[in-house]
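# Structural description and commentary
Read off the chains here:
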Amino acid sequence: MTAPIIGFIGLGLMGGNMAECLQNNGYDLVVMGRTRSALEPALARGAVEASTPKELALASDIVMLCVTTSEVVESLIYGDEGILAGIKPGTTIIDFGTSIPASTQKIGADLDAKGAGMIDAPLGRTPAHAKDGLLNIMAAGDMDTYVKVKPVLDVLGENVFYLGALGSGHVTKLINNFMGMTTVCAMSQAFAVAKRTGIDVQQLFDIMSAGPSNSPFMQFCKNYAVDGISDLGFSIANAAKDIGYFVQMTQNMNTRAEIAEGTAANLAAALEAGMGHGNVPEIYDLFVQRGA
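Now for a description of the structure that goes with this document. What you are looking at is a predicted structure, and each value in this text was computed from that prediction instead of being measured. (Residues numbered from 1 in each chain as written. Predicted model: local features only at pLDDT ≥ 70, side-chain atom pairs only at ≥ 80, totals over all residues. Heavy atoms only, no water.)

## Remarks on the pairing of strand E1 (residues 6-9)
The alternating pattern of E1 places Ile6 and Phe8 on one face and Gly7 and Ile9 on the opposite face, and all of these are buried. Bridge count for E1 against strand E2 (residues 29-32) is 4 bridges, and the pairing is parallel. Along E2, the bridge assignment pairs Ile9 with Met32. (Buried < 20%, exposed > 50% of the residue type's maximum accessible area, 1.4 Å probe, protein only. Helix = DSSP H or I, 4+ residues; strand = E, 2+ residues; numbered from the N terminus. Pairing = 2+ DSSP bridges.)

## Quick word on the sheet that holds strand E4 (residues 62-65)
Spatial strand order, E3-E2-E1-E4-E5-E6: 6 strands in an open sheet with parallel pairing. At either margin of the open sheet sits one strand with a lone partner, and together these are strand E3 (48-49) and strand E6 (117-120). Against the sheet, helix H6 (residues 101-112) touches strand E5 (92-95) and E6, its axis set at about 160 degrees to E6. (Contact = heavy atoms within 4.5 Å. Axes fitted to C-alpha atoms, helices over the stretch in contact; angles between N-to-C directions.)

## A few points about helix H11 (residues 216-225)
Buried residues of H11: Met218, Cys221, Lys222, Asn223, Tyr224 and Ala225, and no others. Those residues of H11 that are buried are in contact with helix H9 (168-197), helix H10 (201-209) and helix H14 (283-289).

## Here's the deal with unusual backbone geometry
Outside of glycine, negative phi angles account for most residues, and trans bonds account for most peptide bonds. Residues other than glycine seldom take positive phi values, yet Arg125 does so here, at roughly 85 degrees. Relative to the helices and strands, Arg125 is located in the loop between strand E7 (123-124) and helix H7 (127-131). Of note, the phi angle at Asn254 is positive, near 60 degrees, even though the residue is not glycine. Inspection of the secondary structure puts Asn254 in the loop between helix H12 (236-252) and helix H13 (258-272). On the accessibility criterion, Asn254 (74% relative accessible area) is exposed.

## Re the packing of aromatic side chains
Two measures describe an aromatic ring pair: the distance that separates the ring centres and the angle between the ring planes. Tallied over the entire structure, the rule returns 3 aromatic pairs. Between the aromatic rings of Tyr146 and Tyr162, the centroid separation amounts to 4.6 Å while the plane-to-plane angle is 35 degrees, which identifies the pairing as tilted. Separated by 16 residues along the polypeptide, Tyr146 in helix H8 (residues 143-156) and Tyr162 in strand E9 (residues 157-162) bring together distant segments of the chain. The exposure class assigned to Tyr146 is buried, which follows from its relative accessible area of 6%. According to the relative accessible area criterion, Tyr162 is partly exposed, its value standing at 30%. With a centroid separation of 4.4 Å and 10 degrees between ring planes, the pair formed by Phe178 and Phe246 is classed as stacked. Of the two residues, Phe178 sits in helix H9 while Phe246 sits in helix H12, which places them 68 residues apart along the sequence. We note that Phe178, like Phe246, is buried. Across from the ring centre of Phe205, 5.4 Å away, lies the NZ or CZ of Lys222, which sits over that ring. (Phe/Tyr/Trp six-rings, centres within 6.5 Å; stacked < 30°, edge-to-face > 60°. Lys NZ or Arg CZ within 6 Å of the ring centre and 35° of its normal.)

The structure is reproduced here in structure tokens:
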């Protein structure tokens, strides 16, 4: 059976390594990227460059998106030169980003009207895992569509979870990031309060880590607050976007998530302070600056 031709848009740190993994496993790629530096490695391995999303869709059996926001996804899907204009019946779109579930479901319905399918498949783990095909993938969508693309997902992921109806992957990812980023903000503020009150922060960590609060997130927060090492690898700007999406999702459910709103407000304050490119535990500096 001939391997599907894969169109890949979004060759950043994560997407570039995913593309390399696919090419190393024998898949032919058609690619688009924002910069030559992002495109060149894939092209050097034999990928073909498309000039528009429409052209890429026409040439592909599976179209993979690894981009930053729902707005970017929609800009690639719609328009005269968008993916929807070039999509062929039987093609599958896979969105690996963290997107708003309502947007994903709308796109899925529009693709279905063209005889194409969609899977939302947000990711866990790091770009290093992507290069080796060891990602965690939270996939959702029509079961037949999922089964059709699962062999390719298995190339990219060590753990591929099927979560049900389209949008469920993005819901799960937003819940996951709400929990994680709220935990990091709370722990970072705890270390800042300890510093302000004169408590030894290393000793605080020793006490907290001896109990049920211990977690990898606590270690990341301690690494920055105590040792000055920033190693979580997830930016304040990305966290602010994801928590904002979580808040929007709950609003679409006609409810409120006050804890998430608090996390969003703290992340927004860090953005306003020019800290967006820093890793999330660096929000500790904001809490210290404003007296915790």
